[in-house]
Amino acid sequence: MGAAVPSQVVPGVDSAARQLCFEWGPAEMLVCETLFGGRGGGEGRPSSSCVFVVRKDQDIYIQTLRKLFNESHGIFIGLQRSEEEFAGKSRKTQLVQVSKNYRSVIRACMEDMHQAAVSARDPALHSQYSTQVSILSAMELIWNLCEILFVEAAVAGPLLLRLLDWVRLHVCDVDNMVREVLSSENPSKHELFWNVVDVFVLQGRMDEARHLLSKEASANPTSVNMCRILDDLMKKMPVPSLGNTQTLTEMELKWQHWHEECQRYLQDGTFASNSHMESICKILLGDENAILEKKELMTTWYHFLVTRLLYSHPTVKPMELRFYAQSSMDLFLGGESSPEPLDTILMAAFEFELHQVIKECSIALSNWWFVAHLTDLLDHCKLLQSHNLYFGSNMREFLLLEYASGLFSHYSLWQLGVDYFDHCPEYGRVYLELHIERIPLNTEQKALKVLRICEQRQMHEQVRSICKIMAMKALRNNRLGSALSWSIRAKDAAFATLISDRFLKDYCEKGCFSDLDLIDNLGPSMLLSDRLTFLGKYREFHRLYGEKRFSEAAKLLLMLMTAHIAPCSFWMTLLTDALPLLEQKEVIFSAEQTYELMRCLEDLTAGKSDKQKFQDDDVETMKVEMLRLALARNLARVIVKEGTLEGS
């Protein structure tokens, strides 16, 4: 840490022994415990202590998760903007596509994290990445199930096909075993051959299972007949249709006939001589005990659920899932272990307890990203419209506010948070105003970025605050041009006056202006304060003088004094500037203008007390005498010139 952090002592703590100190930040807190008078510390001197950073949302600081936050932001904004573009079926199709886009981002991020874990040499880093892979995998699993049940709202028939795809995608523990068997010289002789066949059957991958059975038939002539019959049963197995090619009644009738055929072969003892094929036939009949014997190949209760539905109730309706899910989990776990948080979340989804899913995810997951984006999507599906929280906001807005607030604690991701606040109609504006004031304005570029955001949203108070902060920083660094520019943007007349005075002071000391481009192009901004107006006009006088436009320069100089735009403290400088004009070969000031200059000089000297006059140095006294002489000489020249003109 660099500079010391101011701390507050928690009330009630015995300061003679220990102090618990803390300092709040935008989305984090510094905590330290200081022990006074301890060993090695000496009397009244603090011993060493640790400083802990307690962060609200730690995940936003993980570099490999940046893709998740950045890419999902674009999907989120696209969803908000497209709300009015689609209706009916096209709207549902679009929402399903949005959900798939979110899942593709999760999966891409998971793959990146997996690569990072593989290449990490530090064990702690490897463990961190591996944990994140597990979390992202669980997130995709939950999201995919919610997509099937809530976003797509799959009906009986297609529902089972979607759940099969879900299991195949997410239960990948057996993939290595499948590759090992298929890559061997003689797959049917491999010790894991029948395990792989079982896996294909359990996941409803009949074509792949039949392909392996053909290898068994080729290698073992005695099992040819059994392989042929089992292959035929697999081939005939009715499956629901994604289209409307058959009704549920037709599907159930076909399935019943097929089921009876399987039952007949089993009872006839067709597969009695081969326990593996007999076991597969029992699975095809939906025998729960036979399926549970393959528990190690399924690994999860929800795989068991989908397999059980496939072979016992393929036309399951969405609202029937809760009963099958609960009994499947009970049968699979068998009282040997308690449900994990992931099991609880999936069970809530199967029970169509949408708010419970969101609640459990909020507790179990390590950041607000998942629940914020899922809830927003479900809200667009019109599934959360009736659920308001007790303090007035709805669930969607509450979770988006929490997520965006976490983003604002990050040095660059805060820019994403702005858009999330924009799409929270009730409290988003208030949250944005509070958080944007806490952004550290480390550079002028960042300040301009924040300022642009505030200006686009007519956040006038925040615009003024940012400009004042930057103006003060520039002034402390003696960057007067930048300070003046910021004070003009803030429309802060008092500060603009202060900086104008600094410009004038610098001019008096150095004899020239800095930041001429800025002063030359003040335009209407110079009207912000009288002193700024004077600064702009005084610079204009110098420009006219430099261009040898002496008459215009003289008029402007006189106007600055007679209109009382110039501060009295600067009158002597202005009168001194008039000296070169008074000494020009050509008469510049008219008699009337000369009298005005004389009056200004007398007002300046008459306004000083005798003590002040006594304290004035010889240079000031000499300036006054030179001015009086020059004014008198100029007046004489003007009178002669004007008299000559009248005479002619």
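Because the structure is a prediction, the values reported are computed rather than measured. (Residues numbered from 1 in each chain as written. Predicted model: local features only at pLDDT ≥ 70, side-chain atom pairs only at ≥ 80, totals over all residues. Heavy atoms only, no water.)

Caption draft 1: The overall build of the chain, seen in detail. Each helix and strand counted, the chain has 31 helices and four strands in total. With an accessible surface of roughly 33100 Å², the chain has 52% of that area assigned to carbon and sulfur atoms. (Helix = DSSP H or I, 4+ residues; strand = E, 2+ residues; numbered from the N terminus. Areas by Shrake-Rupley, 256 points an atom, 1.4 Å probe, with all protein chains shown as cover.)

Caption draft 2: Broad picture of the pattern of salt bridges. Within this structure, the stated rule accounts for 30 salt bridges. One salt bridge in this structure joins Arg205 and Glu208, with 3.0 Å as the shortest N-O distance. If you follow the salt bridges from partner to partner, you end up with Arg103, Arg107, Glu140 and Glu147 in one network. (Salt bridge = Lys/Arg side-chain N within 4 Å of Asp/Glu carboxyl O.)

Caption draft 3: Inspection of the nonpolar core at higher detail. In terms of nonpolar packing, the biggest core is built from 197 residues, with Trp166 and Phe350 touching the most fellow members. Sort the elements by how many residues they give to this core and helix H3 (residues 123-151) lands first, with 13 residues. Discounting residues that sit within four places of it in the chain, Trp166 has contacts with Leu141, Asn144, Leu145, Ile148, Tyr302, Val306, Leu346 and Phe350. (Core = buried A, V, L, I, M, F, W, Y, C linked by side-chain atoms within 4.5 Å. Buried < 20%, exposed > 50% of the residue type's maximum accessible area, 1.4 Å probe, protein only. Contact = heavy atoms within 4.5 Å.)

Caption draft 4: View of the environment of Phe332. Position of Phe332 relative to the elements: it lies in helix H14 (residues 321-333). Residues Phe332 and Phe304, spaced 28 residues apart in sequence, show a C-alpha to C-alpha distance of 7.3 Å. With near-sequence residues (within four places) excluded, Phe332 lies in contact with Leu292, Lys295, Met298, Thr299, Thr300, Trp301 and Phe304.

Caption draft 5: Structural context of the side chain of Glu147. Topologically, Glu147 is positioned in helix H3. If we skip the residues at most four places from it in the chain, Glu147 touches Val96, Ser99, Lys100, Arg103, Glu152 and Ala153.

Caption draft 6: Spotlight on unusual backbone geometry. The backbone phi angle of Thr299 is positive, close to 70 degrees, even though this residue is not glycine. With respect to the secondary-structure elements, Thr299 resides in the loop between helix H12 (295-298) and helix H13 (301-312). Positive phi values are uncommon outside glycine, yet Asn478 reaches one of about 60 degrees. By relative accessible area, which is 46% here, Asn478 ends up partly exposed.

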